[in-house]
Amino acid sequence: LTEEGWIQAEDLATRLEQNPQLYDFAGRKTGIKRVYTSAMYRALQTASPIHRRMKIPTEVWPSIHETGGVFHMNKGVLRGLTRDQILVEFSGYNVAEKSGVSTNGWWRGGVETYDQMIERAISSKKRLFYMAGQIEED
C-alpha cells in the first residue's frame, strides 16, 4: 500500500473498532466475527490493521479478486504470494491447506476470461450463502 493506503486502512480499523453500531445489522449485536480477504498483496495489507486491532480471524480467499488475473506492467503475469509467505508476513491469517494457495503462489497464471470470472464469482457467492445458512439465529 501507499502511505495514504496505510492511513486509510488504519482509519477503517479505527472506525470499525470504535463504532460497532455501524455493522450491527437488524439489532442482532453479533458484530464482525471474521474478515475475508483476497490473496492479493494490497488486500492482505488492507486487512492487517483490522485483524490486529479487532483481534478477529482473517481468512484468505484466493477466489475474491478483480477480473483478469495478476499482472505487473514490466514483469507480466505474476503468481502471487505462496502460502508460507502469507503465513510469515501476515501472522495469524488463516490460509487453508485446500485454499488454492500453493508453493507456487495463488494465481494459476494466464489471463482470466469473462466466463471464468463469472464462474469464480458465483462459486464465491454460493460459499458465502452456505456459510450464512450455518449461522444460528437467536
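For the structure itself, consult the block above.
About the thresholds
- Residues numbered from 1 in each chain as written.
- Predicted model: local features only at pLDDT ≥ 70, side-chain atom pairs only at ≥ 80, totals over all residues.
- Heavy atoms only, no water.
- Helix = DSSP H or I, 4+ residues; strand = E, 2+ residues; numbered from the N terminus.
- Buried < 20%, exposed > 50% of the residue type's maximum accessible area, 1.4 Å probe, protein only.
- Polar contact = N/O pair within 3.5 Å; in protein donor to acceptor, adjacent residues only side chain to side chain.
- Contact = heavy atoms within 4.5 Å.
- Phe/Tyr/Trp six-rings, centres within 6.5 Å; stacked < 30°, edge-to-face > 60°.
- Expected span 1.5 Å × (residues − 1).
- Bend = angle between axes of the 7 residues up to and from the residue.
- Core = buried A, V, L, I, M, F, W, Y, C linked by side-chain atoms within 4.5 Å.
- 1 Å grid on protein atoms, 1.4 Å probe; cavity = no way out; pocket = protein on both sides within 12 Å on 5 of 7 lines; lining within 4 Å.
- Points joined across faces, edges and corners; volume = space filled by probe spheres on them.
- Nonpolar A, V, L, I, M, F, W, Y, C, P; charged D, E, K, R; others polar.

J.: Looking at this model, I keep getting lost on the side chain of Q45. Mind explaining?
T.: Note that Q45 resides in helix α2 (residues 41-54). Its relative accessible area of 7% is what places Q45 among the buried residues. Reaching out from Q45, the side chain makes a polar contact with the backbone nitrogen of L1 at a distance of 2.6 Å. For Q45, the contacting residues outside a window of four places in its chain are L1, W6 and F90.

J.: Help me understand the packing of aromatic side chains in this model?
T.: We describe a pair of aromatic rings using the distance from one ring centre to the other and the angle between the two ring planes. Counted according to the given criterion, the structure contains four aromatic pairs. Taken together, a centroid distance of 4.8 Å and an interplanar angle of 55° make the contact between Y36 and W61 tilted. With a gap of 25 residues between them, Y36 in strand β1 (residues 35-37) and W61 in the loop between β2 (58-60) and β3 (71-72) connect regions that are remote in the sequence. Taking 5.9 Å as the distance between ring centres and 70° as the angle between the ring planes, the aromatic pair formed by Y41 and F90 counts as edge-to-face. Separated by 49 residues along the polypeptide, Y41 in helix α2 and F90 in the loop between α3 (83-89) and α4 (114-133) bring together distant segments of the chain. An aromatic cluster is present here, built from Y41, F90 and Y93 joined pairwise through their rings.

J.: Can you help me understand the environment of T103 in this one?
T.: Tracing the chain through its elements places T103 in the loop between α3 and α4. Along the chain, T103 and T82 lie 21 residues apart, while their C-alpha atoms are 5.2 Å from each other.

J.: When you look at α2 in this model, what are you seeing that I'm missing?
T.: Each α-helix winds once per 3.6 residues, and so residues spaced three or four apart point in a common direction. For α2, with 14 residues, the first-to-last C-alpha span of 20 Å sits near the 20 Å given by 1.5 Å per residue. At A47, α2 is deflected by roughly 30°, the largest bend along its length, and proline P49 occurs up to four residues later in sequence. By the burial criterion, the buried members of α2 are L44, Q45, A47, S48, P49, I50, H51 and M54. Buried positions along α2 lie against α1 (3-18), β1, β2 and α3.

J.: For this particular structure, what's the right way to read the nonpolar core?
T.: Side chains of a nonpolar character, in soluble globular proteins, are inclined to be buried together. Grouped together as the largest cluster of nonpolar side chains are 21 residues, with contacts concentrated most on L44, I50, V60, I86 and W106. Breaking this core down by element, the ones donating at least two residues are α1 and α2. Per element, the largest residue contribution to this core is four residues, and it comes from α2. The contact partners of W106, leaving out residues within four places of it in the chain, are A39, M40, P62, H65, V70, R79, G80, L81, G100 and V101.

J.: Which parts of the structure should I look at to understand the layout of surface pockets?
T.: It is a probe the size of a water molecule, rolled over the atoms, that shows where empty space is left. In this structure, the second largest pocket spans a volume of roughly 310 Å³. Contributing to the lining of the second largest pocket are 15 residues, with P62, S63, H65, R120 and S123 lying nearest its centre. For the lining of the second largest pocket, the class distribution of residues is three nonpolar, seven polar and five charged.

Shape is all these values report; function is a separate question.
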